[in-house]
Structures are given as C-alpha cells and as structure tokens.
Amino acid sequence: MKLAERMSRIGVESAFDVLVKARALEAQGRSVVHLEIGEPDFPTPAHIVEAAKAALDGGWTHYGPTQGLPELREAIAAYVSRTRDIKVGPEHVSVVPGGKPIIFFPMLALLEPGDEVIYPNPGFPIYESMINFLGAKPVPMPLEEERGFSFDLDLFRDRLSDRTKMVILNSPQNPTGGVIPHDDIRALAEMLRERDVVVLSDEIYARISYGSEPPTSITSFPGMLEKTIILDGFSKTYAMTGWRMGYGVMPTWIVDAVNKLMVNSNSCTASFTQRAGIAALTGPQNCVDQMVAEFRKRRDAICGGLNQVPGFRCAVPGGAFYAFANVKGTGMSSSELADLLLYEGGVSCLNGGAFGEYGDGYIRFSYANSLANLEEAVTRIQKLAHRWTSVAVR
Ligand SMILES: Cc1ncc(COP(=O)(O)O)c(C=O)c1O
C-alpha cells in the first residue's frame, strides 16, 4: 500500500524538526539556548486563563457552531474593524483551531492545479507546501534585505499573469521581521484591484510591531476587502500558541467554503477556548503592550550582539520576534552554520534556506527568549567565530 501521490508534494516546518534535535541534545545533558521556535515565551495572561477555567466550570465543554461562537465572532469583527479601519461583521469571520487552518482551508477551497500563487520567499514554509500539495504553481517573490525585507514592486508586477489566482502577503513577516511599507501596500492594492485574484493577507503578527504606526492591512484600501482573506489569531498576540485558536475574516462566499471544510475536519473549535478568546479581545490590552515592549528590548539586544559577530550582518526588524541575520560573510553555508551553532555552540536557530531558496545565506533567530539567554547565545556564537574567521573572505 502506498500513500497518495500528493503526499510527496507536501512540506513540513523545520522549526519543529530542529526543536526535536535540540531536545535530543538536552536529553544527553547538553545546554541549548532555544532560538528556533516561533512562540512567545510569556505565559498566557491570567485573565484569559481565568476565563477558560470559568468556561469549563460553566459547562462550555460541548460542540459549538462550526463557524465559531456568535459572541466571539462579534468580538473579532469589532476588533478587526477597529484595528484595520474597515467595516466587517460576524458573518465574515471563521473561527478555526489556530491561524494555520486559514492557510489550509481557503487554499484547498480556491486553488486548482495550474493556478499561480505569488508568495513571499523567504516565507512561512506552509504557503509553499500547500501550493505544491494542491498542484498549483508556486511563484516566489524574493524579499530584499536592502528594502527592509519588503519586495520590489516592479518584480511583483512582472510576476502577475492571467493565471495568478492568489497573492499571499505577510506583514510583519516570518522569518525576516520585515514590515511592508504603507505606500507599497497601496501600490499593491492598485495593481490587484481590477484583477480576479484573492489576497491571503497573513496578519498574525499585526500587533507585534515597533514602528510609530501599526502595519497597514491591504483591506484598508478601496476595493480590497472584497477580495482579501485576513489571517489572524490568538497564538502570537496573546501568547496562546498551545490553545489552537485563530480566525479568518473574508467574503461570505469563502466563509461558506471554510465552514464545509471545517465540518468535514474539526466540526468546530473548542468551546471553552473560544470563551477565553472573547476575554482576550475585550479585556485589558496592556498585557500585549508589555510583551511588545519587552520584545523590543530583546530585538535591540540580539541585533546589536549579532552585528558584532564577524561575518554576520543583522538588519533591525520592524515587527514579529525574529532577527534574520545575513551570514554570507562567514563563508559557510547557512545550513552548515546553523548545524555548527546547534551541535557545537548550543544555540538552536533556523537555516534561512528552510524558508525558501531566497533565504539561503541567512539564519533566523527567534528572540522570544529572555535577555539573559539572548546574551548567552551571542556569547556562544562569538566563541565559535574562530571557526569561520580563519577561512572567510570578507
Ligand atoms: C506567518 C505565520 N502565519 C501563521 C502562523 C500560524 O499560527 P498558529 O500557530 O496560530 O497556527 C504562523 C506561526 O508560526 C506564522 O509565523
């Protein structure tokens, strides 16, 4: 018996693989600083946990509506309308177990073999995995370090074709921390407005940004809400990765399709976690502000430290909690270097090439770890630098 042919085309997420390797080293007694996994290290805020406990005690332990609890969808619609300066209602919201299903379900519902999908590269690996899985055609959009890891609009225009069915945007971005500038989003909206395309706007890091203005959502430009799926969720904003709760905001004809896929796979998202989601969105938000202020300190510390390492160059990112260091100056491949850092240095990080071909030569450091551990990581990397300074041509 063989697996279906399409299984040869589905990818994985290397962060989880590297975490397993790092844990195996720890089991042998080695010390590892974890900068691989993309999740806030803060606990979920207490008032959210309390709301979940109260929901369990209150009997929210049964199936709920496939699309999500109406009160939560109301809260999400109000929150998304406020934060993106748009007007959406609960009928536009699908609540699902995590942000990822808002990649999986809409792509499954929309893409036919041969459809072209433009997506950021380096980018969240699940985009490319799903494009390939569905037999659609991946059209990578290189991100450019010198543009703060945004992309060249002329190149983007060249990549648009009559077969382009979907465009994926992700800002703030994983793995680079880049934020697409407001004017570039406006230009993208102008290029896409008249086209028959769907935009998947992955805004899961929308609240984790360090600029004076929040990142721009393409939905805030005329004509774009009607063709855009916003992906957001609770994982990153409220440190709730293990709760598995996210949502999409999209035109109702896509909501209907997502409902069908949900009823065939999950039935619904867990009811008591959705009650906690209401508390997250409607309760105090200073927990998010405090977390972001802490991330900013860590960002400055790790970027400052990495920029002192011979052969490393690290742009200061505008959002998310990733530093994407250019390591071409070491003369080593980023894959060899990531292995060296893990196995000899005890610093677990990700080869940028795991996020797509244009990520080669970079390493992603997730700075969702304490300042002390970030400093320790930089010290360990510095101690290994003799391994490449003796051979590097810089
Ligand atoms: C860009 C991006 N989109 C979506 C997700 C998925 O989030 P969740 O854990 O809520 O499924 C992640 C998680 O790492 C991400 O980095």
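Residues numbered from 1 in each chain as written. Predicted model: local features only at pLDDT ≥ 70, side-chain atom pairs only at ≥ 80, totals over all residues. Heavy atoms only, no water.

Peer 1: So what about the site of the ligand? Which residues, and what values?
Peer 2: Among the 13 residues in the neighbourhood of the ligand, the closest are listed as G99, D202, Y205, S235 and K236. In the environment of the ligand, an oxygen atom lies 2.8 Å from a nitrogen or oxygen atom belonging to the backbone of G99. At a separation of 3.0 Å, an oxygen atom of the ligand approaches a polar backbone atom of K100. Taken by itself the ligand offers 400 Å² of open surface, and the protein chains cover 94% of this. (Near = heavy atom within 4 Å. Polar contact = N/O pair within 3.5 Å; in protein donor to acceptor, adjacent residues only side chain to side chain. Areas by Shrake-Rupley, 256 points an atom, 1.4 Å probe, with all protein chains shown as cover.)

Peer 1: Mind laying out a nonpolar patch on the surface, listing which residues take part and the relevant values?
Peer 2: A surface patch of nonpolar side chains, amounting to about 290 Å² of accessible area, comprises L3, M7 and I10. Relative to the assigned elements, I10 resides in the segment before α1 (14–27). Judged by its relative accessible area of 30%, I10 falls in the partly exposed class. (Patch = residues over 30% accessible without salt bridge, like charges linked within 9 Å, V, L, I, M, F, W, Y side chains within 5 Å. Salt bridge = Lys/Arg side-chain N within 4 Å of Asp/Glu carboxyl O. Helix = DSSP H or I, 4+ residues; strand = E, 2+ residues; numbered from the N terminus. Buried < 20%, exposed > 50% of the residue type's maximum accessible area, 1.4 Å probe, protein only.)

Peer 1: A description of the pattern of salt bridges should follow, citing residues and the corresponding values.
Peer 2: A complete count under the given rule lists 20 salt bridges for this structure. We note a salt bridge from R298 to D41, for which the minimum N-O separation is 2.9 Å. With R298 in helix α10 (residues 286–307) and D41 in the loop between β1 (33–34) and α2 (46–57), this residue pair connects regions lying 257 residues apart in the sequence. For D41, a relative accessible area of 38% gives the class partly exposed. In this structure, the salt-bridge partner of R84 is E203, at a minimum N-O distance of 2.7 Å. Within this pair, whereas R84 is found in helix α3 (residues 70–84), its partner E203 is found in the loop between β6 (198–202) and β7 (228–233), the two being separated by 119 residues in sequence. For the pair formed by R84 and E203, the shared burial category is buried. Through salt bridges with shared partners, a single network forms among D41, E294, K297 and R298.

Peer 1: Please set out the packing of α10 against helix α12 (residues 371–384) residue by residue, giving values where relevant.
Peer 2: Closest axis-to-axis distance for the α10/α12 pair is 10 Å, and the angle between their directions is 10 degrees. Between α10 and α12, the angle is such that the two are roughly parallel. In contact with E294, K297, R298, A301, I302, G305 and L306 of α10, α12 contributes L371, L374, V378 and I381. (Axes fitted to C-alpha atoms, helices over the stretch in contact; angles between N-to-C directions. Parallel < 35°, antiparallel > 145°, perpendicular 65-115°, else oblique. Contact = heavy atoms within 4.5 Å.)

Peer 1: Any details on the sheet that holds strand β13 (residues 362–366)? Residues and values, ideally.
Peer 2: The strands making up a sheet associate through hydrogen bonds between their backbones, and the pairing can be parallel or antiparallel. Read across the open sheet, the 4 strands follow the order β9-β10-β13-β12; overall the sheet is antiparallel. In this open sheet, the two strands that pair with only one neighbour each are β9 (313–314) and β12 (350–351). Taken together, the 2 bridges between β9 and strand β10 (residues 322–326) define a ladder with antiparallel strand orientation. If you follow R313 over to β10, its bridge partner there is N326. (Pairing = 2+ DSSP bridges.)

Peer 1: Tell me about the packing of aromatic side chains, and please be specific about residues and values.
Peer 2: Applying the stated rule across the entire model yields 15 aromatic pairs. Centre to centre, the rings of F104 and F105 are 5.9 Å apart; their planes meet at 80 degrees, and the pair counts as edge-to-face. For F104, a relative accessible area of 33% gives the class partly exposed. The exposure class assigned to F105 is buried, which follows from its relative accessible area of 5%. On the basis of an interplanar angle of 35 degrees and a centroid distance of 5.0 Å, the ring pair of F295 and F321 is categorised as tilted. Of this pair, F295 sits in helix α10 while F321 sits in the loop between β9 and β10, placing them 26 residues apart in sequence. Neither F295 nor F321 differs from the other in exposure class; each is buried. Three or more aromatic residues joined by ring pairs make a cluster, and in this case those are F42, Y205, F295, F321, Y322 and Y367. Between the NZ or CZ atom of R275 and the centre of the ring of W60, over which it lies, the distance is 4.2 Å. (Phe/Tyr/Trp six-rings, centres within 6.5 Å; stacked < 30°, edge-to-face > 60°. Lys NZ or Arg CZ within 6 Å of the ring centre and 35° of its normal.)

Peer 1: Would you mind going over the sheet that holds strand β4 (residues 137–142) in detail, with residue names and values included?
Peer 2: Strand order in the open sheet formed by 7 strands is β2-β8-β7-β6-β5-β3-β4, and the pairing between neighbours is mixed. Since the sheet does not close on itself, it has two edges, and those belong to β2 (93–96) and β4, each with one partner. On average, each strand axis in the sheet is inclined to that of its neighbour by 20 degrees, with strand direction left out of account. One ladder, built from 6 bridges, connects strand β3 (residues 116–121) with β4; its direction is parallel.

Peer 1: Explain the pairing of strand β5 (residues 164–170) to me, and be specific about the residues and the numbers.
Peer 2: With 6 of 7 residues buried, β5 is to be regarded as a mostly interior element. For β3 and β5, the ladder comprises 3 bridges, and the chain directions are parallel. When the sheet's bridge partners are listed, E116 is paired in β5 with T164. Relative to β6, β5 runs parallel, the two sharing 5 bridges. The partner of N170 across the bridge, within β6, is D202. What joins β5 to β6 is helix α7 (residues 182–192), and the crossover it makes is right-handed. (Right-handed = clockwise from strand over helix to strand, strands pointing away.)

Peer 1: Residues and numbers for unusual backbone geometry, please.
Peer 2: A cis amide bond links S171 to the next residue, P172, at an omega of -10 degrees. Inspection of the secondary structure puts P172 in the loop between β5 and α7. Although it is not a glycine, D85 adopts a positive phi angle of roughly 60 degrees. Residue placement: D85 occurs in the loop between α3 and β2. Phi at A320 takes a positive value of approximately 60 degrees, unusual for a residue other than glycine. Secondary-structure assignment places A320 in the loop between β9 and β10.

These figures come from the coordinates and say nothing about function on their own.
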